[in-house]
Amino acid sequence: MRTHIVWDWNGTLLSDMPAVLGASNAAFALLGIGPMTLDEYRAQYEIPIPNFYQRLLGRMPSRAEWVELDDAFHVKYSELFPGCGLTPGVEDLLTGWAAGGRSQSVLSMYEHEKLVPAVDAFGLTRHFVRVDGRRGDSGGRKAEELAGHLAALGGEIDRRRTVLIGDAADDAQAALAHGLKAVLWTGGSHTREKLVHVGVPVVDSLAEAVAVAEELAG
């Protein structure tokens, strides 16, 4: 079995935090919440996302409010997405990992129908044995989507030699729930302080994440 990496997309391979912040501030405005800076956002953000809004509002948003907030976020994110690029060094890391005879895939909470063409537009599809986005409702946790991703990969991977690389505590929690290892990096949606409590390696670059993943997978 080949050593395998499951990559997160938003905030990991894709450097989209300015777009996420702009879209979040557009949603906040609907509730009379003033705009956040990136540092403020990263310190407050959590998954599942309704809990994030609960923290800001002091109460859980109603179902109608959640739908309105989610729609506003995605409308603004789509507007800002063309300004997003890959995290520096991603293409070399993906090429180098595959050159060693190892495999990799993408699992994102970005809507599947939008993720697949986005990955392809950046010319990255050739690097992955599978690309999966969210097929369920928005705002949830990654563990359920990871279950489907791993089932689809089937015998192509050995979970004991598979590492998920992401930028959120939820990424690592999903990996651990399914018997995978995980590495979290600090360049995305969470501060280091919000990642270290999960109990997996936390690094400051994707190059370091790949090196640690190789050590963990053996």
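Here, the structure is the one placed above.
Treat the numbers as computed from the prediction; the structure is a model and nothing was measured. (Residues numbered from 1 in each chain as written. Predicted model: local features only at pLDDT ≥ 70, side-chain atom pairs only at ≥ 80, totals over all residues. Heavy atoms only, no water.)

Draft legend 1. A look at the environment of glutamate 111. When you line up the elements, glutamate 111 lands in strand 4 (residues 103–111). The class of glutamate 111 is partly exposed, set by a relative accessible area of 30%. For the pair glutamate 111 and asparagine 10, spaced 101 residues apart in sequence, the C-alpha separation works out to 11 Å. Apart from the residues within four sequence positions on either side, glutamate 111 is in contact with Gly133 and Arg134. (Helix = DSSP H or I, 4+ residues; strand = E, 2+ residues; numbered from the N terminus. Buried < 20%, exposed > 50% of the residue type's maximum accessible area, 1.4 Å probe, protein only. Contact = heavy atoms within 4.5 Å.)

Draft legend 2. Representation of the nonpolar core. Of all hydrophobic cores here, the largest spans 49 residues; its most connected members are Trp7, Trp9, Tyr77, Phe128 and Ile165. At seven residues, the largest contribution of residues to this core is made by helix 1 (residues 17–30). If sequence neighbours within four positions are ignored, isoleucine 165 has contacts with Ile5, Val6, Trp7, Asp8, Thr12, Val183, Leu206, Ala209, Val210 and Ala213. Formed by 18 residues, the second largest nonpolar core is a distinct cluster that contains Val6, Leu107, Leu153 and Ile157. (Core = buried A, V, L, I, M, F, W, Y, C linked by side-chain atoms within 4.5 Å.)

Draft legend 3. Expanded view of the packing of aromatic side chains. Per the stated rule, a full pass over the model turns up twelve aromatic pairs. With 5.2 Å between their ring centres and 20 degrees between their planes, tyrosine 41 and tyrosine 45 make a pair best called stacked. With relative accessibility at 3%, the residue tyrosine 41 sits in the buried group. An aromatic cluster is built from Phe28, Tyr41, Tyr45, Phe52, Tyr53 and Trp66, whose rings are joined through pairwise contacts. (Phe/Tyr/Trp six-rings, centres within 6.5 Å; stacked < 30°, edge-to-face > 60°.)

Draft legend 4. Representation of the sheet that holds strand 4 in the model. Reading across the sheet, the six strands line up as 5-4-1-6-7-8 and stay open at both edges, with parallel pairing between neighbours. Looking at strand neighbours, the two that pair on one side only are strand 5 (130–134) and strand 8 (202–203), the edges of this open sheet. Bridge count for strand 1 (residues 2–7) against strand 4 is four bridges, and the pairing is parallel. Across the sheet, the residue bridging to isoleucine 5 is glutamine 104, located in strand 4. The sheet contacts of helix 8 (residues 169–177) involve strand 6 (157–166) and strand 7 (181–185), and relative to strand 7 the element is tilted by about 175 degrees. (Pairing = 2+ DSSP bridges. Axes fitted to C-alpha atoms, helices over the stretch in contact; angles between N-to-C directions.)

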